[in-house]
Amino acid sequence: ISILRNKTKTPKQNFQSISTDKQSVAFKPPVFEILHLNKRGSLSFLPLLFVFHFPFSIGASSVLIKRGFIILKLCKCPICPYSGISPEGMEIDKAIRDCDDRRLKTKYNNAIYVVKRALALYSTEEVAFSFNGGKDSTVLLHILRAAFFLHKEEEGCSVDGLKEFPIRTIYFESSSAFPEINSFTYDMATNYGLLMDIIRTDFKSGLESLLKSRPIRAIFLGVRIGDPTAVGQEQFSPSSPGWPPFMRVNPILDWSYRDVWAFILTCKVQYCSLYDQGYTSIGSIHDTLPNALLCISNSTGSEEKFRPAYLLSDGRSERAGRAKRFSPSVLNPMSNGTSNVDLQKHGMLTASVIAVGDEILFGTVEDQLGLSLRRKVHSIGWSISHTSILRNDIDSVAEEVELRRSSNEMVFIYGGVGPLFSDATLGGIAKAFGVRLAPDEEFEEYLRHLIGEHCTGDRNEMAQLPEGITELLHHEKLPVPLIKCHNVIVFTATNIVELDLQWDCLIELTRTGDLFPLLEPYKSKHLTTKLSDVEIAPSLAKLCLEFPDIHIGCYRESRSGPIIISFKGKNEERNQLAADALSKKFQPGAFSDINLNSQET
Ligand SMILES: Cc1cc2nc3c(=O)[nH]c(=O)nc-3n(C[C@H](O)[C@H](O)[C@H](O)COP(=O)(O)O)c2cc1C
Ligand SMILES: Nc1ncnc2c1ncn2[C@@H]1O[C@H](COP(=O)(O)OP(=O)(O)OP(=O)(O)O)[C@@H](O)[C@H]1O
Ligand SMILES: [Mg+2]
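Residues numbered from 1 in each chain as written. Chains lettered and ligands numbered in written order. Predicted model: local features only at pLDDT ≥ 70, side-chain atom pairs only at ≥ 80, totals over all residues. Heavy atoms only, no water.

Caption draft 1: Up close: the overall build of the protein. Regarding its fold elements, the protein presents 20 helices and 24 strands. Put simply, the protein has 601 residues, and 50% of those count as buried. Here the analysis covers contacts within the protein between residues at least 6 apart in sequence; of these, 71% occur between residues at least 24 apart. (Helix = DSSP H or I, 4+ residues; strand = E, 2+ residues; numbered from the N terminus. Buried < 20%, exposed > 50% of the residue type's maximum accessible area, 1.4 Å probe, protein only. Contact = heavy atoms within 4.5 Å.)

See the structure below:
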């Protein structure tokens, strides 16, 4: 205003401020000053005013000027001394306090609480904010700014005049990011004075080098419970094994899709333009499309139009526009050009059996299910390539499932399914397939019948299944259906009787449906000998080459006792031929038949 007075050389009294409207919109509130120009003078000062003080947008409609008014709209500007974190951080707080959305208020207060606890635990230099311009990290940006302000206020420190937001911001920039995301991220950095660390390598190595150069101990992330990467995380979760050590702080972990949009719209904060074009969750340009559920169908066949992201009614479909991460051949192991018939003919199908449970791993309980399950799988003619026992840990399960599902036709997994904190199996499977755990209404219905009134917690949380990849296998004899996620079948059995029932139902469903092929069962033949291992070793090695279709195994029950040789194949005659071939290489009577088959079924 003083510049205006000087430029126009209008006496001070000629300008009269007739109204000041400080609007409480989110962030740098535009301040309107309407000045009344008593004596109409030259308007040439107006362009000059723009040049000299461009952060302010100056409106002066000719009508108004004729009537002697000039409107000055004083807005936020990155280089303007009025920029900074105060009082805008408070504008968010005020917007939430003034709204009537009680759920949003609770979510907001919890998120603020988490940030404030983190700021109490770590110094400002020790925390960082991982920002990618997405809607969730946009929400987090504003929560961080508000919480920082509140935290400093509680500490009795003033943040007035701070031009930069002191929590360092990390952005992993990638050439496959949407340009809109990139420019929005940079715009936000400028608008809010974010101190950016731009990293152009992958997350893990980028963080490794960042943590070497900065004293960062905790990183704020906009991860939400529905995200695949949220599986197993809490509001404070140490980074995973194999990652550099830091605390992942997830203040909006419990926010739903609706909560995110309620916040953005209530606080009227800016968000990336892609969300107005039907994108509901944004990955890379290679794997993200607008959400088809927001498509406005048009009969003319012209370009498709999409409604904005905040109109998506069911947040569970948030990631519908994101492509899944696995290849079709892994998705359907039978679709890699080899037909079921071919595979069956050659009896080449392999399965892995995975047990999940600390109690099994540490030997606290005897794992009878594993033995029984391996025999069952073998009895349908499948070969077992691997069996493993895992800790109750989502990352361990995810890693193993990912490895086994891609190298085997089927994976059978048991243990660790249920509502306990230690039940990591379904979360691990979800993570292995790159999907999130989401409440499943159908499964919830079964649980409702089963648990009924005994349920104290949120049944919805118990009924969370890997989203978009789960098939429930119903059988009238089963109180709860079996869970199949592509080529991974989950048994919920906790003892042999339950496993027997689940297995029998599965086989019945397989016979009637097309879950997986049932193959010609293996047949075994066993010989025993008192010859030493050194004596028989060369002949056995040769035999393996002569009978590649037969699995020839050799073991002993005690160091000094006889050796047992097993022949396992789909054809009894071939087993016999191999056994005869071995016997012929030694003195008659060196080997005798032994019947062990009763143990095998
Ligand atoms: C700051 C930061 C920390 C991360 N920490 C971990 C971690 O501790 N463990 C992990 O498995 N992934 C970690 N990630 C990777 C994410 O879980 C996830 O893979 C990544 O955000 C890519 O997700 P998208 O494929 O859905 O885009 C981290 C990512 C970021 C940005
Ligand atoms: N490239 C990245 N740079 C910095 N942080 C990232 C990056 N990608 C992911 N993050 C962190 O992980 C969180 C979750 O990522 P996600 O892809 O779900 O983005 P978002 O912000 O949630 O947006 P949306 O779900 O709409 O894609 C982000 O909020 C952010 O904290
Ligand atoms: Mg997200």
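Caption draft 2: View of the packing of helix α6 (residues 135-154) against helix α9 (residues 257-267). Where α6 contacts α9, the axes come no closer than 10 Å and their chain directions differ by 55°. Between α6 and α9, the crossing angle belongs to the class labelled oblique. The hand of the α6/α9 crossing is left-handed. Between α6, through Lys 135, Asp 136, Val 139, His 142 and Ile 143, and α9, the contact on the second element is made entirely by Tyr 257, Val 260, Trp 261, Phe 263 and Ile 264. (Axes fitted to C-alpha atoms, helices over the stretch in contact; angles between N-to-C directions. Parallel < 35°, antiparallel > 145°, perpendicular 65-115°, else oblique. Left-handed = near helix turned anticlockwise from the far one by under 90°.)

Caption draft 3: Summary view of the nonpolar core. Membership of the largest hydrophobic core comes to 63 residues, with the highest contact counts inside it found for Ile 143, Phe 220, Trp 255 and Phe 263. The dominant element in this core, judged by the number of residues it contributes, is α6, at ten residues. Beyond its immediate sequence surroundings of up to four residues, Phe 220 is in contact with Val 115, Ala 118, Leu 119, Val 127, Ala 128, Phe 129, Ser 130, Leu 140, Leu 144, Val 249 and Pro 251. In this structure, Val 356, Leu 390, Ala 424 and Val 490 belong to the second largest nonpolar core, which totals 29 residues. (Core = buried A, V, L, I, M, F, W, Y, C linked by side-chain atoms within 4.5 Å.)

Caption draft 4: Representation of the pattern of salt bridges in the model. The tally for this structure, following the rule as stated, stands at 25 salt bridges. With a shortest N-O distance of 2.9 Å, Glu 400 and Arg 404 are connected by a salt bridge. Of the two residues, Glu 400 and Arg 404 are both situated in helix α14 (residues 394-407); the distance of four residues between them amounts to about one turn of the helix. The buried category is assigned to Glu 400, whose relative accessible area is 12%. Its relative accessible area of 13% is what places Arg 404 among the buried residues. Asp 593 is the partner of Lys 525 in a salt bridge, and the nearest nitrogen-oxygen pair spans 2.9 Å. Of this pair, Lys 525 sits in strand β21 (residues 523-529) while Asp 593 sits in strand β24 (residues 591-594); the two residues are 68 residues apart in sequence, bridging distant segments of the chain. (Salt bridge = Lys/Arg side-chain N within 4 Å of Asp/Glu carboxyl O.)

Caption draft 5: Layout of the sheet that holds strand β10 (residues 247-249). With mixed pairing, the six strands of this open sheet are ordered in space as β7-β6-β5-β8-β10-β9. The outermost strands of the open sheet, each flanked by one partner alone, are β7 (194-199) and β9 (236-238). Here the strands of the sheet are splayed against their neighbours by 30° on average, with no regard to which way each runs. Sheet topology places β9 next to β10; three bridges connect them, and they run antiparallel. By the bridge assignment, Ser 237 is partnered in β10 with Arg 248. (Pairing = 2+ DSSP bridges.)

Caption draft 6: Geometry of the side chain of Asn 487. Within the element layout of this structure, Asn 487 appears in the loop between β19 (482-485) and β20 (488-491). In terms of polar contacts, Asn 487 uses its side chain to reach the backbone carbonyl oxygen of Arg 405, at 2.9 Å. A distance of 3.3 Å separates a polar atom in the side chain of Asn 487 from the backbone oxygen of Asn 408. (Polar contact = N/O pair within 3.5 Å; in protein donor to acceptor, adjacent residues only side chain to side chain.)

Caption draft 7: Summary view of the sheet that holds strand β22 (residues 551-556). Taken together, the four strands give an open sheet; going across it, the order is β22-β23-β21-β24, and neighbouring strands pair in antiparallel fashion. One side of each edge strand has no neighbouring strand; the edge strands of this open sheet are β22 and β24. Between one strand axis and the next, the sheet turns through 30° on average, direction left out of account. Where β21 lies against strand β23 (residues 563-569), seven bridges are found, and the strand directions are antiparallel. When the sheet's bridge partners are listed, Thr 528 is paired in β23 with Ile 564.

Caption draft 8: Main features of the site of ligand 2. The immediate surroundings of ligand 2 are formed by 20 residues, with Ser 130, Lys 135, Asp 136, Tyr 275 and Ile 282 found nearest. Tyr 275 places a side-chain nitrogen or oxygen 2.6 Å from an oxygen atom of ligand 2. Contact with the protein chains covers 89% of the free accessible surface of ligand 2, which is 580 Å². Mapped by element, the contributors of at least two residues to the shell around ligand 2 are α6 and β6 (165-172). In terms of residue class, the shell around ligand 2 is made up of eight nonpolar, seven polar and five charged. (Near = heavy atom within 4 Å. Areas by Shrake-Rupley, 256 points an atom, 1.4 Å probe, with all protein chains shown as cover. Nonpolar A, V, L, I, M, F, W, Y, C, P; charged D, E, K, R; others polar.)

Caption draft 9: Up close: the environment of Ile 380. Here Ile 380 shows up in the loop between α13 (368-379) and β14 (383-390). Using a relative accessible area of 9% as the deciding quantity, one classes Ile 380 as buried. Separated by 127 residues in the primary sequence, Ile 380 and Ile 507 place their C-alpha atoms 9.0 Å from one another. If sequence neighbours within four positions are ignored, Ile 380 has contacts with Trp 503, Ile 507, Phe 516, Leu 518 and Leu 519.

Caption draft 10: Highlighting helix α7 (residues 179-191). Helix length check: α7 (13 residues) gives 18 Å between terminal C-alpha atoms against 18 Å at 1.5 Å per residue, within 8%. Every buried residue of α7 is listed here: Ile 181, Asn 182, Phe 184, Thr 185, Met 188 and Ala 189. For α7, the arc enclosing every buried residue in end-on projection is 170°, short of the 170-degree limit, so these residues lie on one face. Of the surrounding elements, those touching the buried residues of α7 are α6, β6 and β7. One or two positions beyond α7, positive phi appears at Gly 193, with a value near 60°. (Expected span 1.5 Å × (residues − 1). Arc of directions from axis to C-beta.)

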